[in-house]
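So you can see what is in the structure, the chains are spelled out below.
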Amino acid sequence: MKRTIFVASCAVLVSLTFNSCQKENKSVVDLARELTTELQAITDSASANAHAPRVAVLNKRFEEAKVRVFALNGTALYRSAGSNSENVGSDYADAIKVLAREIGRVRASFPSTSSDGDVDPDRLLITIAQVQGSNGTPDELKQEGLRYMQDMNTPHETPGDFPEYYGSEKLHDALAYRASVTAASNVKFDSDADVPAVPALSDEPQEVPTATTHQEDGDDAPSGGDADASETDDTGDDDL
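What comes next is a walk through the structure.

Reading guide: rules and limits
Residues numbered from 1 in each chain as written. Predicted model: local features only at pLDDT ≥ 70, side-chain atom pairs only at ≥ 80, totals over all residues. Heavy atoms only, no water. Axes fitted to C-alpha atoms, helices over the stretch in contact; angles between N-to-C directions. Helix = DSSP H or I, 4+ residues; strand = E, 2+ residues; numbered from the N terminus. Parallel < 35°, antiparallel > 145°, perpendicular 65-115°, else oblique. Left-handed = near helix turned anticlockwise from the far one by under 90°. Contact = heavy atoms within 4.5 Å. Expected span 1.5 Å × (residues − 1). Buried < 20%, exposed > 50% of the residue type's maximum accessible area, 1.4 Å probe, protein only. Arc of directions from axis to C-beta. Core = buried A, V, L, I, M, F, W, Y, C linked by side-chain atoms within 4.5 Å.

Regarding the packing of helix α2 (residues 28–40) against helix α5 (residues 90–107)
Relative orientation of the contacting elements α2 and α5 amounts to 25 degrees, with a least axis distance of 9 Å. Taken together, the axis directions place α2 and α5 in an arrangement best described as roughly parallel. Handedness of the crossing formed by α2 with α5: left-handed. Between α2, through V28, V29, A32, R33, L35, T36, L39 and Q40, and α5, the contact on the second element is made entirely by D91, Y92, A95, V98, L99, E102, I103, R105 and V106.

Here you go:
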């Protein structure tokens, strides 16, 4: 009986020991900062689609690294503590806080020309017009949005729900990945295989797609304010 238990225990140990995962040389803090940088470059539908493949790779590496708490030869999470005992945890907390802000911003399709900028009136008007179901060029949408906001006969305090992730289904899927804590926390050696490299940035044509409402079941999502609006028309900032 004891021999049977011993053999079974050895079999379990061998199965765990010979499990391996791809080697992640960066710390979780570094991965969080790189993912944040990618998200900061996203301000409209075109940039969301262009950066989505890079976000997908970084988010997968980040998610898997942050839940892998134990390994026979160290983890990315362990390396995030750093060598300075006074800063243990602070860099990690700061990186996660900034990343959370950027994820919230792109999910809300914040109408701005930069990640840390104020609301851009042109993009806001275009997005409002799209939410109402309007289509057309950026200038046409801007005028439609302005007319909607200036219509005193129709309540417009709440123009509607803005599309998430700037209407990019690619970006939605890229940020949807969540790692399994159970699968990541087994006793493993890092293999010699490196983790997937971040792909090169691809160019996406600037366009203003038809607006629809993003659904959780995977329906096509709208674009949330993707356009280089003309500066020749009055945006009517005082009426917003």
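A look at helix α7 (residues 138–150)
Look at α7: 18 Å from first C-alpha to last across 13 residues, which is about the 18 Å you get at 1.5 Å a residue. Among all positions in α7, only L141, K142, G145, L146, Y148 and M149 are buried. The buried side chains of α7 occupy one side of the element, clustering within an arc of 160 degrees when seen end-on. Of the surrounding secondary structure, the elements contacted by the buried residues of α7 are α6 (121–131).

Comments concerning the environment of K60
Mapped onto the fold, K60 is located in helix α3 (residues 45–67). Residues K60 and A176, 116 residues apart in the sequence, show an inter-C-alpha distance of 9.3 Å.

Regarding the nonpolar core
Inside soluble globular proteins, nonpolar side chains tend to come together where they are buried. Counting residues in hydrophobic clusters, the biggest one holds 22 residues, and the most contacted among them are L39, I42, V55, V106 and L171. Elements supplying a minimum of two residues to this core: α2, α3, α5 and α8 (169–174). In this structure L39 touches V55, L99, E102, I103, R105, V106, L171 and L175, once residues within four positions along its chain are discounted. In terms of nonpolar packing, the next biggest core, distinct from the first, is built from six residues, L125, L146, Y148 and M149 among them.

Read these as spatial facts, not as claims about activity.
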